[in-house]
Amino acid sequence: MATGIKANVKTYDLFIDGKWQPSAKGKTYEVIDPSTEEVIAHVPDATAEDVDRAAKAARQAFESGSWASMTAQGRGRILFRLAEKIRSEMPKLAELESRNGGKPIVEAEFDINDVATCFEYYGGLATKIQGHVNPVPDNALSLSLREPVGVAGQIIPWNYPLLMAAWKLAPALAAGCTCVLKPAEQTPLTALEIANWFEEVDLPPGVVNIVTGFGESAGAPIVNHPEINKIAFTGSASVGKIILRAAAENIKRVTLELGGKSPNIFFADADFENAIDGALFGVFINQGEVCSAGSRILVEKKIYSKFVDAMVEKAKRIKLGPPLDRDTKMGPLVSKEQYDRVLQYQEIGKKEAKVGAGGGRAKAFGKGYYVEPTIFYDVDNSARIAREEIFGPVAAVIPFDSEADALRIANDSPYGLAAAVWSRDIFKTMRMVKALRAGIVWVNHMQPTYVEAPWGGYKQSGFGRELGPWGLEEYLETKQVHINLNEQPIGWY
Ligand code: ADP
Ligand code: MG
């Protein structure tokens, strides 16, 4: 097809109705390895016509009963088979994820194992979707039936590409929905690769359709499509607002996970060594490209200067390197766009606060979107670097006086995705846990995430919950059924 494509660079099609198909316009775009800045694949630049084809295939698969009417056991078994296949191909998928997104290979391996676990979990849950008998006062049987919401449009980000796909596909499929999934434009490769196995695991054609492309040209048509009943979105707050407005047009159900500016709070009585590790892990894991990143580090004044010194000292030793090196702890950022954005915030931070570590490009690398792990301290909570989500390895350290002060600062944010509290005082810790306005609160840790436990935010971090039984709920409708058991006439007229 197009000229200038290297022989070793794979070209993908869209996956629609169980078949690989080029986009209607035949256009593709380049997928980049952010550590080398080289093209590693070409994928379709889909438009509304392609989304329409995908949505109709999903609708057809839903209406034909090939999925929703399959037994729950049957759907569950297919999810188990997919999980097993993903687990057995973990090294290959992890390598691709790492190359495509820049994340360290060791982290990518954890991610892919979590992907398999997510499909297993929801494979098991498929047979636990329970109805209800409603205790109405009349001589009747009143039931609540749980039914799939229909076709789900799923728009996902680039930071955990296949894991975010799994968090959305697995519960939707368990519920009996069919899907149109759009990976982020930067990181479509692992989602496309797993589509190669759908037939082998007996997933019927049209049940999962994958459309690659950009937000406005491929994402917006999903949100606008009349055959799509629900949108699940993870991404930026600004795009979340656009989606919510667009969904109003045909009253689509929407769930949004929009990131945050999560406080990681350290009291003086916390275990010091663990605390330093926890502060760094909370904000630098996955290059800080984490929606729940502990990007505001609140430290009690009694330990503040010692804490900042220790953090800075350890941050300087974090090993940056090529994503595929097993000892790399931080790879490049995902894209040039994200790299420019983070560098800009680093410049803003230099005007707003003091620089403890980093503050710019990681100069050891000739190529690639490498950024130094950066620590700003003496940050005021009103600063832009304390209010705006940066989505990169940039920490804002903020001192506090007392428990009340810590709570006030922590909750003073438009976001409310996550928070963490470090202390050995159970009374103080539990008071904080109750008063923090966040959807996830960790105590003496930050970031562990489990498919069994709910995930989602308060305030402008969005609404709806993923994972666990909560994640399944978002893909279910409730039908009330009233069965009259009284054989007498109604007798009203
Ligand atoms: P980032 O700014 O980090 O790229 P986004 O929120 O823009 O985060 O992207 C998250 C996902 O949302 C991606 O899959 C992207 O293509 C998609 N997206 C972006 N803009 C829109 C839009 N207007 N409508 C629907 N989806 C969009
Ligand atoms: Mg964007």
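Provided above is the structure to which this section pertains.
Peer 1: Before we go on, may I ask you to explain the sheet that holds strand 20 (residues 440-443) in this structure?
Peer 2: Strand pairing in a sheet takes place through backbone hydrogen bonds and is either antiparallel or parallel in direction. Pairing is mixed across the open sheet formed by 7 strands, whose spatial order is 15-16-17-14-13-19-20. Sheet topology places strand 15 (354-357) and strand 20 at the edges, where each strand pairs with a single neighbour. On average, each strand axis in the sheet is inclined to that of its neighbour by 20 degrees, with strand direction left out of account. Pairing of strand 19 (residues 418-422) with strand 20 involves 4 bridges; the strand directions are parallel. From the neighbouring strand, Ala419 faces strand 20, where its bridge partner is Val441.

Peer 1: Help me out: how do you make sense of the side chain of Thr328 in this one?
Peer 2: Inspection of the secondary structure puts Thr328 in the loop between helix 10 (304-315) and helix 11 (336-352). Overall, the relative accessible area of 3% leaves Thr328 in the buried class. In terms of polar contacts, Thr328 uses its side chain to reach the backbone carbonyl oxygen of Pro322, at 2.9 Å. The contacts of Thr328, once residues within four sequence positions are left out, are Pro104, Lys319, Leu320, Gly321 and Pro322.

Peer 1: How should a nonpolar patch on the surface be read in this particular structure?
Peer 2: Taken together, the side chains of Val133, Leu141, Ile483 and Leu485 present a nonpolar region at the surface, about 320 Å² in accessible area. Within the element layout of this structure, Leu141 appears in strand 7 (residues 140-148). Overall, the relative accessible area of 35% leaves Leu141 in the partly exposed class.

Peer 1: Would you mind showing me how to read the pattern of salt bridges here?
Peer 2: Enumeration over the complete set of coordinates arrives at 33 salt bridges. The partner of Glu300 in a salt bridge is Lys302, and the shortest N-O contact between them spans 3.6 Å. Within this structure, Lys85, Glu89, Lys92 and Glu200 form a network of salt bridges that share partners.

Peer 1: Sorry, what's going on with the packing of aromatic side chains here?
Peer 2: Each aromatic ring pair is characterised by the separation of its centres together with the angle its planes make. This structure, assessed with the given rule, holds 13 aromatic pairs. A centroid spacing of 5.3 Å and a plane angle of 80 degrees characterise the contact between Phe267 and Phe400, whose relative ring orientation is edge-to-face. Here the residue Phe267 occupies a position in the loop between strand 13 (263-266) and helix 9 (272-284), and Phe400 occupies one in strand 17 (residues 394-400), the gap between them amounting to 133 residues. This pair shows no difference in class: Phe267 is buried, exactly as Phe400 is. With centroids separated by 6.1 Å and ring planes inclined at 55 degrees, the aromatic side chains of Trp442 and Trp455 adopt a geometry described as tilted. Highlighted residues: Trp442 in strand 20 and Trp455 in the loop between strand 20 and strand 21 (458-459), separated in sequence by 13 residues. The exposure class of Trp442 is buried, given its relative accessible area of 8%. We classify Trp455 as buried; its relative accessible area is 5%. An aromatic cluster is present here, built from Phe266, Phe272, Phe307 and Trp422 joined pairwise through their rings. The residue whose ring lies beneath Lys230 is Tyr475, and the NZ or CZ to ring-centre distance is 4.7 Å. Directly above the ring of Phe272 sits Lys306, whose terminal nitrogen or CZ lies 4.2 Å from the centroid.

Calculation notes
- Residues numbered from 1 in each chain as written.
- Chains lettered and ligands numbered in written order.
- Predicted model: local features only at pLDDT ≥ 70, side-chain atom pairs only at ≥ 80, totals over all residues.
- Heavy atoms only, no water.
- Pairing = 2+ DSSP bridges.
- Helix = DSSP H or I, 4+ residues; strand = E, 2+ residues; numbered from the N terminus.
- Axes fitted to C-alpha atoms, helices over the stretch in contact; angles between N-to-C directions.
- Buried < 20%, exposed > 50% of the residue type's maximum accessible area, 1.4 Å probe, protein only.
- Polar contact = N/O pair within 3.5 Å; in protein donor to acceptor, adjacent residues only side chain to side chain.
- Contact = heavy atoms within 4.5 Å.
- Patch = residues over 30% accessible without salt bridge, like charges linked within 9 Å, V, L, I, M, F, W, Y side chains within 5 Å.
- Areas by Shrake-Rupley, 256 points an atom, 1.4 Å probe, with all protein chains shown as cover.
- Salt bridge = Lys/Arg side-chain N within 4 Å of Asp/Glu carboxyl O.
- Phe/Tyr/Trp six-rings, centres within 6.5 Å; stacked < 30°, edge-to-face > 60°.
- Lys NZ or Arg CZ within 6 Å of the ring centre and 35° of its normal.

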